[in-house]
Structure formats: C-alpha cells, structure tokens
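Understanding the architecture of this molecule
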Amino acid sequence: MARRGYEDVVLTVPVTVPYQRYSVESTAWWAGRALAALAAGAGMSHRDFDGFSFASFSAAPDSAIGLTQHFGLSPRFLDFVPLGGVAGVVSLRRAARAVQMGDADVVACVAAETNGVHTFRYGLENFSRFSQDAVYPYGAGGPNVSFALICQNYMAQTGATREDFGKLCVAMRDNALKNPNALMKKPLTLEQYLGARAIAPPIHLFDCVMPCAGAEAFLVMREETAKAQGLPYAHLLGSIERHNAFAEDPVQMRGGWAKDMPELYAMAGTTPDGIDVVNTYDDYPFVCMMQFEDLGFCKKGEASDFVQAHDFTIAGDFPHNTCGGQLSAGQAGCGGGHMGIVEVLRQVTGQAGPTQVSGAKRGLASGFGMINFDRGLGSGAVILGGEGA
Amino acid sequence: MAPLQPPRRKDPLKRTRLPLLPPGQRSRAAHHLTAAAAEGRFALPRCAVCGAFHFPVREACPDCLSARIEMVEAPEGATVLSQTTAEVPADNYFRERAPWRVGLVKMDAGPTALVHLHPEGIAGSRLRLVLMLDRAGQAVLYAGPEQKGADPMTDPQWREMTADPLHRRVLITDARSFAAPALVKALVEAGAREVRLGLPEAWKPFATEKLTALPGVSVVPLDLGSERSVADHARDYGGKTEIVINTADHMRPGGALGGSITATRDAMEAVVFGPMRLAQALAPAMIGRGADGPTGAAAWVNLLSVHALAPSPALAGWSAAQAAALAWSHSLRADLAQGGVKLLNLFCGPADSDWFQTWPQPKVGGSAVATAAVSGLKRGLEEMFVGDVAKDVQARLAANPKAVEREMRQG
C-alpha cells in the first residue's frame, strides 16, 4: 500500500538548549528550558501544547507522564521515546500522524538529557538486557568496542580508510566552529585526527562523541496554525523507520535505511540529488558513510570514493552535519537523534544563522540508535522541505 | 607470548592491588550459561521446537516465538568476524588490565557473539569457544586455539579466568587424606611454587618424607579442630596461600537409626566446622589478594562426596555432614567471589581408602582426584564429578532425583 503523505503537517520552532559537558541540573530542568524556549519561540503558552513527545535516557524515575504535572501540561497526546539516536525520527513520525488525524493540534517534541559526572556510567550499566548479559562482561562497556568491531569489518569489506573518517571529522569540526553552541571550540586537522590515541582500534579519540547535557526540541502543528502564529515552518515530505533490519547479516554492514530508502524519496517526490543539506547520525564517522550508501548518495561500498570526492563543509558541495554533528557539537544522549532534525529544520527555514547553507530548501536528517548487542538496531530518516521545496 | 615467570618478591612498600570484578549482573536466563560453564560444558540455548541456536539467551525463539528454550551441547568452533583491542575501557576492572582483546565471532552453531579473544584471533581465523567463569563468577565466552587441549595459558586473559597452580602456593589441609600423595605429585608437575600439607594430630605416626621428597613440598602441623593451630597457621601462611585444597574427611558408616551420633558429630567437625575455622582465618587474606598479580590468590577446592547431593542411608550421618559441607561451601563461594577467588567442589564416588574397604568397585583413587583438581583449577571450574560412580549419580540426579533416593537404599 502506498504511503499517505503528511499533507499540511509542519515542523516549526527549532530549539537547542546550549549543551554543557557536565551539568548539575536534572533532566527535568533541561526539558523545562526546552519547553520554555518552544513556547517563547511559538508565541503561545506551553499550556496550548496539547501533545508532548519526550525522549530521554536520564529521566528516571520519571517518564513523560510525570513530566506533564511537573510542567503544567495537559496533553491529549503523550509519547515517551527513550530510543536513543532514532528517537527524533520516531517522535516526529508519531507526532505528525497525530496532528494530521486531529488527535492533537500542537505537539512539543523534546529530547532532554542531563550529564552528571557519573550519568554516562549509570546509563551504561542499565542500558539493555543483551548488553548486560553479553556485552559489558567483555570490557565493552560503552559503545566504543562494539562499534570498533563493526567498523573494523566495514573497513575490511569496503576499503574505507581512517583518512575518509578524518575528512568527515575535520569538516564537521570546521562547521562546529561556526556554531556558537558547539562544545568543541578548537580547529581539528587531519594530522591531529590521524595521530590521536587509540581507544579501540580502528576507533581513535576523534571518532568518539563527547557525552554532554543538553536539549533539542521542535513543534509539530498544522500549516494553518504556523501561519496564524507567523512562524517559519517546514513540511515533513517523507519519512522511514525500521528496527532490527537485516538480522541475518553476521556483522552490521547496513542499516534499515537500505531497506526503505526508495520509499523515502518516492514519498518526498525527490531523489538524493534533490537534497540540499544532509545531517546523518554521526555517533562514529563510519556510520555516516554507511548512511551515505544506504540513503542512496552513493553505492554500497563506495562511500570512500564519495567522501574523497566531496566537500562536507557548510560552503561545500555536500553540506553535511552543518551544526558540527554530535562529534563536534556534543552528544546529549537521546538528543543526538533530534539534533539533525532541528538543524535541518533551521536550514530549510533559513534560520541557521552562521551555519546557514545558502539556498537550502530541502534537507535530510537521519537517526540511528541503540546498540543493544552487536549492532545498532533502529534507523530512520526524514526529508524536510522549506518554502519553495 | 612468553610463558608466565615466577613472581618476584613483593615490594613491601607498595599497596596490594585491591580486587575489582568485571560486570557481574546477569538476567536469570543467562545463568543457564553459568551452569554449563561451572562444569566446563559448552552448551548454548536452542529452540526445542524449531531447533535454532540463538545468543544471547532469550525468553522466546526469534524464529518461531516458542518459549521452549533448552540448553544443548553445541559445536565449539567459530570464525572470527572482526577484532579490536580495548585500550581505554570505561570499566575499572578492564581499565587496569588493558589492553584487552575482544572479538566478534560467527559460531558454527549459527549465532554471532562477542568474545574474549585469544591474541592469535584475527578476522577469518578459526577458533574454539569455551564457556568460562570470569572473575565475577559469571559465564563468558572465550575464543582460544582451535586444537582441543592446546594450552592458552600464555594468554593473560585466559589466566585471569582460571586458577592454574603454576607458580602458586597451595595448602592441602589434611596430609593423611588418601588423595594427598597424588595431589602433591600433580601440583608439583603443574608448577606449583609451594605445596604445603597440614598434618593433624602430628603426634601420630606419619611418613612425612614420602611426601616431601619433591621440591617445594613441606608438611606442617595443622589441626582444623583447634582454634590455636588454625590461628598459628594463618599467621604464618595467611598471605602466602593462593590455593587451598580441603581434603579433610571423617567417614564412618552407620544408618539413620543405628549410626553413632558421636561419629556424626565428628564428621561434622571434620568436614564443616574445621574448614569453616580455617576459612575464617585464611580466606579474608585470600580475598584481599584476589588481584595480587597473575599468581594472586585463586581458589579454594573442597574434596566432597557425591553423597553430599544424594545421601546414602548406609552412611546417614556422614552423608548429612557432606550435605552440610556442600551447603556451607556455596556461602563460602559467595564470600570468596568478592575477591574473584573461585570455589571448586569435587564430588567423588567411594574412595579407595580404608573406610570404603568393603565397598564394591569402581572406587576413586588419589590420582583421579589429583587429575580432576588440577584440571579444574586450570579451567577455572566450580563443579566436577570424579569417578564413574559420581558421574553415574550426577546423570541420574539430572534425570530423576526421586529415583536416586529410592535406589540409594540398595547402596
């Protein structure tokens, strides 16, 4: 059955609560700042948000429902999506359908995460049963070792090199230097990238994100509401989501995007060539390369040539992770999956300021999340269209 | 890799490294692997309906959703898919021991798994999987050399999960045990640095020189029934004992009604209270030295009877004492685990000793006990059944414990 489009559903009010490496505030504090920024940006009271979709790993003992009382919300659509890097896409897709069908008028999609000195470790210890049973006992607490194993195989199968990863990282750092909210403030050279210390080869220091506190948020509403409020907006042109795809692959070589990519572009009425700005999920640079392949920007196994043939900076011919990505802006837990959506929303509505790609009308943001055992399980992508897209 | 060298004299100014443990949390279902690892079996979960192996242990088959998951002996071979070395692990236990090799393997049984990887393992190489108990006492997969019997002992990651007697100092609690001479020989052959035998009631005649002919072997007075004797021993040797092999026993026949209460009390004293006294004096030092280098404190071994699991009505009091010793050993195991020190129980059939003189063959000789003990230590096991009778009882218990109870009436 052909997918039904999202019609008059739009995204507005891109919000990033500036990241901090460590925060003494709770997750609810970060969520509160995001909601306040959404309300201020939309010119409406937060009590007018009749939908609330919340993503976080660090909200315990609360889930989304407790936060309604905490923030004085009374939503008729409520969602809790602690799904890591794919939470943004999942949250947006559900919110969009709820708005489209009239179950809600304005949904606040919020990812908020705090990061105390020990938050990351606590998060690891309680991440998932398969991790507990079959990953942590191997010294693979944290994703570095697990992704090193996937990356090692990806390099062996495709010929991707650390120089490719480095080129992406250097471009992202270049972009991040234009984003005042990015945590990384120093330039990065390819030599520094290549000379960095090994964490779990082939993963080295600059392949790893910096966990931090922060929040990312946006509103989903109907076009008429956005117009009435005088808000710049973007349409949700297409979306895909897939979990535990290709379970038969012994090592992860592709994400669920590879299964659903034709549908994404068909729904959006465009092709990879029609995309002006791309924000992939960059927990590791090789995962970006997997997405270039699986999202149709190049053929499977040819991302190395693709990387060497393009310029990934804001002014380049393939503007990628224009806010600096998680690798250079920071990874605010579940917010990592919202970051790309929020940045692309800024880009296609001309609100990106110093990171603005000139003439960006159509952007793609993808998410990837939850290394439950030996592979990332969730994958998703959306295409957003600004005015004239 | 170079073979392990004997430890140097400790620097008395340096703090002994406190034991840390690898992450030990497991789901209840994952302990099916623990059960196999404790006995040194390689078993994996398999769907009883569609026959597919899977990993990690699940509550339902991902192919057919059946909840009937059984543990089945599985092919041990595996091919390495990729490998890495954790240089900077987040976990403190691994951080201290880094670099730590980890691999992703495709098991011959089907599933993919993360494993502790032998140094020779690289993508494409063939390895043999072993289910091990790690320092936390929980099951993990180790991928080592493919040839069965190949010695991976030069790999520090393997050594970390075993209790090899090599360069370690061993206390055998009762020199008068039938198994003592064979144990001494096997331990010396395995490279033990010292083998010390405790001699109870030293005033009674004992041919000490037969045991002390081998290098590093000594016999010292040790009476587990005496607080003072145990305290003296712990003071002299507390920090110098890495492995304890508890051979204390006091077998006297007699039924539930006709048996001697005094003999039963003596048996309890020998196999429960005596070892308890020794453990309370010695084990805290062992726990504290659980991470004291590659030859730190490693294991406590109990020589028990299979009647600890299946009492013999003809040996009522003694069986009860054995059962008490087993029950207590599980608690001792929990305490030792805080230091990553293992506890191995050897369940023996009737021994080739004076008190089993009239019992029918087959009986367990000292060399069978010694071979099992050294093998169990080298593999880091928790439970072994020694001799044909013990193995027979083990199999029958797994099938139908009530049948074993009835059949024990016939001896």
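Counting restarts for each chain: residues are numbered from 1 in the order of the written sequence. Labels are handed out in written order, letters beginning with A for the chains and numbers beginning with 1 for the ligands. Given that the model is predicted, a residue must reach a pLDDT of at least 70 before its local features are reported, and side-chain atom pairs must reach 80 or more before they are shown or counted; all residues, however, enter totals for whole chains, interfaces and linings. In computing side-chain properties, one takes all heavy atoms of the structure into account and sets aside hydrogens as well as water.

Section: the interface of chain B and chain A
- Taken together, the 35 residues of chain B in the interface contact 26 residues of chain A.
- Summed over both sides, the interface of chain B with chain A buries roughly 2,600 Å², with 65% coming from carbon and sulfur.
- A carboxyl oxygen of Asp or Glu within 4 Å of a side-chain nitrogen of Lys or Arg is what we treat as a salt bridge. Applying the counting criterion to the chain B and chain A interface returns 1 salt bridge.
- Two residues, glutamate 59 of chain B and arginine 129 of chain A, come together in a salt bridge whose shortest N-O distance is 2.7 Å.
- Side-chain atoms alone can form a polar contact between residues adjacent in sequence; in general such a contact is a pair of N or O atoms within 3.5 Å, and within protein one must be able to donate a hydrogen while the other accepts it. Remark: the boundary between chain B and chain A carries 11 residue pairs in polar contact (both at pLDDT 80 or more).
- Numbering of helices and strands runs from the N terminus, with a helix taken as a DSSP run of H or I at least four residues long and a strand as a DSSP run of E at least two residues long. Those elements that provide at least two residues to the side of chain B that touches chain A are strand 3 (77-86), strand 4 (100-107), strand 5 (112-117) and strand 7 (139-144) of chain B.
- Sort the elements by how many residues they give to the side of chain B that touches chain A and strand 3 of chain B lands first, with 6 residues.
- Residue composition of the side of chain B that touches chain A, grouped by class: 20 nonpolar, 9 polar and 6 charged. Contact criterion: two residues are considered in contact whenever any of their non-hydrogen atoms come within 4.5 Å of each other. Note on definitions: buried area is the accessible-area loss of two parts on being combined, 1.4 Å probe, summed for both. For this classification, Asp, Glu, Lys and Arg are treated as charged, while Ala, Val, Leu, Ile, Met, Phe, Trp, Tyr, Cys and Pro are nonpolar and the rest, including Gly, are polar.

Examining the UniProt feature "domain: Thiolase C-terminal" (unreviewed entry) in chain A
- UniProt positions are given in the numbering used here, feature names are shortened, and annotations may be inferred rather than shown by experiment. UniProt records the feature "domain: Thiolase C-terminal" (unreviewed entry) for residues 252-371 of chain A in the present numbering.
- For residues 252-371 of chain A, helix accounts for 40% and strand for 11%, while the C-alpha atoms at its two ends are 11 Å apart.

Here we look at unusual backbone geometry
- Residue proline 61 of chain A is bonded to the preceding alanine 60 of chain A through a cis peptide linkage, with omega at 10°.
- Inspection of the secondary structure assignment puts proline 61 of chain A in the loop between strand 2 (51-55) and helix 2 (64-71).
- With an omega dihedral of 0°, the bond running from alanine 98 of chain B to proline 99 of chain B counts as a cis peptide bond.
- With respect to the helices and strands, the residue proline 99 of chain B is situated in the loop between helix 2 (92-97) and strand 4.
- A positive phi angle, near 55°, is found at valine 13 of chain A, a position not held by glycine.

A closer look at helix 6 (residues 227-237) of chain B
Residue and element names in this part refer to chain B.
- Accessibility here uses a 1.4 Å probe with only protein chains present; expressed as a share of the type maximum, an area under 20% marks a residue as buried, one over 50% as exposed, and anything in between as partly exposed. Residues of helix 6 that are buried include every one of Ser229, Val230, His233 and Ala234, and no others. Burial along helix 6 is one-sided: seen end-on, the buried residues are contained in an arc of 130°. Along helix 6, exposed side chains directed more than 90 degrees from the buried face belong to Glu227, Arg228 and Arg235.
- Lining the buried residues of helix 6 we find strand 8 (169-172), strand 9 (194-199), strand 10 (217-221) and helix 7 (261-288).
- One side-chain oxygen of the residue at the start of helix 6 lies 3.3 Å from the amide nitrogen of arginine 228, identifying that residue as serine 226. Summarising the geometry, the arc corresponds to the directions from the helix axis toward the C-beta atoms.

Section: the sheet that holds strand 6 (residues 126-133) of chain B
Residue and element names in this part refer to chain B.
- Taken in spatial order, the 5 strands line up as 3-4-5-7-6 and close into a barrel, and their pairing is mixed. Taking each pair of neighbouring strands and ignoring which way they run, the sheet shows an average axis angle of 45°.
- Across 8 bridges, the pairing between strand 3 and strand 4 is antiparallel. Considered in strand 4, the bridge of glutamine 83 is made with glycine 103.
- With axes taken as lines fitted to C-alpha atoms, and helix axes fitted only over the stretch in contact, angles between N-to-C directions fall between 0 and 180 degrees. Packed on one face of the sheet, helix 1 (residues 31-39) meets strand 6 and strand 7 and runs near 100° to strand 6. DSSP calls a pair of strands paired once it identifies at least 2 bridges connecting them.

As for the domain arrangement of chain A
Residues and elements named next belong to chain A.
- One can read the domain layout of chain A as domain 1 (9-118 + 213-229) and domain 2 (138-209 + 234-383).
- Here the C-alpha centroids of domain 1 and domain 2 sit 23 Å apart.
- Between domain 1 and domain 2, the residue contacts involve 39 residues of the former and 34 residues of the latter.
- Taken together, the two surfaces of domain 1 and domain 2 that pack against each other cover about 2,800 Å², and 69% of this comes from carbon and sulfur.
- If you sort the residues of domain 1 by the area they bury against domain 2, Pro14, Tyr19 and Arg93 come out on top, with a joint share of 23%.
- The shortest N-O distance in the salt bridge between glutamate 241 and arginine 93 comes to 2.7 Å.
- Connecting domain 1 to domain 2 are 7 residue pairs in polar contact (both at pLDDT 80 or more).
- Counting only elements with at least two residues in the side of domain 1 that touches domain 2, the list comes to strand 1 (9-20), helix 3 (87-100), strand 4 (106-113) and strand 7 (213-222).
- Per-element tally for the side of domain 1 that touches domain 2: the top contributor is strand 1, with 11 residues. Those domain boundaries reflect an automatic or database domain assignment.

Considering the packing of aromatic side chains
- What counts as a ring pair is set by centres within 6.5 Å for rings of Phe, Tyr and Trp (its six-membered ring), and what kind of pair is set by the plane angle: stacked under 30 degrees, edge-to-face over 60, tilted for all other angles. Counted under the stated rule, the structure contains 25 aromatic pairs over all chains.
- Centroid distance tyrosine 154 of chain A to phenylalanine 286 of chain A: 5.9 Å. Interplanar angle 45°. Geometry classified as tilted. Placement of the pair is tyrosine 154 of chain A in helix 6 (residues 143-158) and phenylalanine 286 of chain A in helix 11 (residues 285-294), with a sequence separation of 132 residues. As far as burial versus exposure is concerned, tyrosine 154 of chain A and phenylalanine 286 of chain A are alike and both buried.
- Look at phenylalanine 356 of chain B and tryptophan 359 of chain B: their rings are 5.5 Å apart centre to centre, the planes differ by 80°, and that puts the pair in the edge-to-face class. Across this residue pair, the class does not change: phenylalanine 356 of chain B and tryptophan 359 of chain B are buried.
- The ring of phenylalanine 246 of chain A has arginine 254 of chain A sitting right over it, with the charged end atom 3.6 Å from the ring centre.
- A cation sits over an aromatic face here: arginine 252 of chain B above tryptophan 355 of chain B, 3.7 Å from the ring centre. Only Lys NZ and Arg CZ are tested; either one counts as a charge over a ring when it is within 6 Å of the ring centre and within 35 degrees of the ring normal.

Considerations on the pairing of strand 13 (residues 342-348) of chain B
Residue and element names in this part refer to chain B.
- Judged by how many residues are buried, strand 13 sits mostly within the fold: 7 of 7 residues are covered.
- Side chains Lys342, Leu344, Leu346 and Cys348 of strand 13 all project onto a buried face; the interleaved residues Leu343, Asn345 and Phe347 project onto the opposite face, where all are buried too.
- Alignment of strand 12 (residues 299-305) against strand 13, held across 7 bridges, turns out to be parallel. Considered in strand 13, the bridge of leucine 303 is made with leucine 346.

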